[in-house]
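Residues per chain, in single letters:
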Amino acid sequence: MDEIDRTLIRLLQQDATQPYAALGKAVGLSSGAAHERVRKLRERGVIRRTTIEVEPGAVGRGVVAYVMVDGGAWMGDSAGRLAEIEEVEEAHVIAGPASVLLKVRTSTTQELQQVLRRVFEVDGVTGTRTIVVLETFFDRPVHIPQVESRL
């Protein structure tokens, strides 16, 4: 991946609806060449998907919690069951004080409690510890650093 690819990614992260002509102009390529670069980034899995960013509170998902899930056995095989719980945004097998870390978004703490009950229904879950977020200072996407020119 070169600096043109990195710049295209940064531009798409700012606004994924930009036309290829604008992207190409920003990096000194034709719109066709910019389109081809973006296509190759998708093919290689660098760009996983193009989507919109939704304000969670505006759609009734203002409560954020991180749930540490304890398991009596290896929890790495529980991904499918956890993915069935719509409110679970992320699930990570971790090293440390728990087996799995979940990021959960709900509309109320009562709904969070219902989600926790569903987590307990997953085979192997023996306990949970939940941290409710009061305020988010920032939530940033993956940063693509700009490479300094060596001229």
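Whatever comes next refers back to the structure up there.
Computed from a prediction, not measured in an experiment: that's the story for all the values here.

Asker: When you look at the overall build of the protein chain in this model, what are you seeing that I'm missing?
Answerer: Counting its regular elements, the protein chain contains 5 helices and 4 strands. Starting at the N terminus and walking to the C terminus, you meet the elements of the protein chain as α-α-α-β-α-β-β-α-β. Each principal axis of the C-alpha distribution contributes one length, and for the protein chain these read about 55 × 35 × 30 Å. Within the protein chain, the proportion of its 151 residues that are buried is 29%. Within the protein chain, contacts between residues at least 6 apart in sequence are counted, and of these 65% link residues at least 24 apart. Surface accessibility of the protein chain: about 10,300 Å² in total, with carbon and sulfur atoms responsible for 53%.

Asker: I keep staring at the environment of Thr130 and nothing clicks. Help me out?
Answerer: Residue position: Thr130 is located in strand S4 (residues 125-132). On the basis of relative accessible area, Thr130 is assigned to the partly exposed category, the value being 33%. Expressed as a C-alpha distance, the spacing of Thr130 and Tyr66, which sit 64 residues apart in the sequence, is 5.8 Å. Apart from residues no more than four positions distant in its own chain, Thr130 is found in contact with Ala65, Tyr66, Val67, Leu112 and Leu116.

Asker: Sorry if this is basic, but what is going on with the sheet that holds S4 here?
Answerer: Sheet strands associate in pairs through backbone hydrogen bonding, adopting either a parallel or an antiparallel arrangement. Strand order in the open sheet made by the 4 strands is S2-S3-S1-S4, with antiparallel pairing throughout. Two strands in the sheet have a free side with no partner beyond their single neighbour: strand S2 (88-93) and S4. Averaged over all neighbouring strand pairs, the angle between strand axes comes to 20°, with direction disregarded. Bridge analysis of strand S1 (residues 63-71) against S4 gives 7 bridges, and the strand direction is antiparallel. Counterpart to Tyr66 in the pairing with S4 is Ile131. Each of S1, strand S3 (100-106) and S4 is contacted by helix H5 (residues 109-120), which is oriented at about 155° to S4, the strand it contacts most.

Asker: Would you mind going over the side chain of Ser99 with me for this structure?
Answerer: Relative to the assigned elements, Ser99 resides in the loop between S2 and S3. A distance of 3.4 Å separates a polar side-chain atom of Ser99 from the backbone nitrogen of Gly71. In contact with Ser99, not counting residues within four places along its chain, are Val69, Asp70, Gly71, Met75, His92, Val93 and Ile94.

Asker: Is there a simple way to think about the environment of Gln13 in this case?
Answerer: Here Gln13 lies in helix H1 (residues 3-14). The sequence separation of Gln13 and Val59 amounts to 46 residues, and the corresponding C-alpha distance is 22 Å. Discounting chain neighbours no more than four positions away, the residues touching Gln13 are Pro141, Val142 and Ile144. There is a polar contact of 2.9 Å between the side chain of Gln13 and the backbone oxygen of Val142.

Asker: What is the right way to read H1 from this model?
Answerer: Since the α-helix packs 3.6 residues into each turn, any two residues three or four apart lie on the same face. Relative to the 16 Å expected for 12 residues at 1.5 Å per residue, H1 spans 17 Å between its end C-alpha atoms, a close match to the ideal helical length. Of all the positions in H1, only Asp5, Thr7, Leu8, Ile9, Arg10, Leu11 and Leu12 are classed as buried. Elements in contact with the buried residues of H1: helix H2 (20-27) and helix H3 (31-43). One side-chain oxygen of the residue at the start of H1 lies 3.2 Å from the amide nitrogen of Ile4, identifying that residue as Asp2.

Quick notes on the rules
Counting restarts for each chain: residues are numbered from 1 in the order of the written sequence. Local features in this predicted model are restricted to residues of pLDDT 70 or higher, and side-chain atom pairs are both shown and tallied only at a pLDDT of 80 or more, whereas totals for entire chains, interfaces and linings draw on every residue. With hydrogens and water set aside, each side-chain value is computed from the structure's full complement of heavy atoms. Helix and strand assignments follow DSSP, with helices taken as H or I runs no shorter than four residues and strands as E runs no shorter than two, numbered in order from the N terminus. Think of it in three bands: residues with accessible area under 20% of the maximum for their type are buried, residues over 50% are exposed, and the middle band is partly exposed, with areas taken using a 1.4 Å probe on protein chains only. Working rule for contacts: check all heavy atoms of both residues, and any pair within 4.5 Å makes them a contact. In these tables, accessible area is a Shrake-Rupley quantity obtained with a 1.4 Å probe, and a residue counts as shielded only by the protein chains included in the view. Being paired, for any two strands, means DSSP has found at least two bridges between them. With axes taken as lines fitted to C-alpha atoms, and helix axes fitted only over the stretch in contact, angles between N-to-C directions fall between 0 and 180 degrees. Here a polar contact is recorded for every N or O atom pair within 3.5 Å, except that within protein the pair must consist of a potential hydrogen donor and a potential acceptor, and residues adjacent in sequence are included only if both atoms are side-chain atoms. Residue count minus one, scaled by 1.5 Å, sets the expected span of a helix.

So far we have only geometry, and geometry alone does not tell us how the molecule works.
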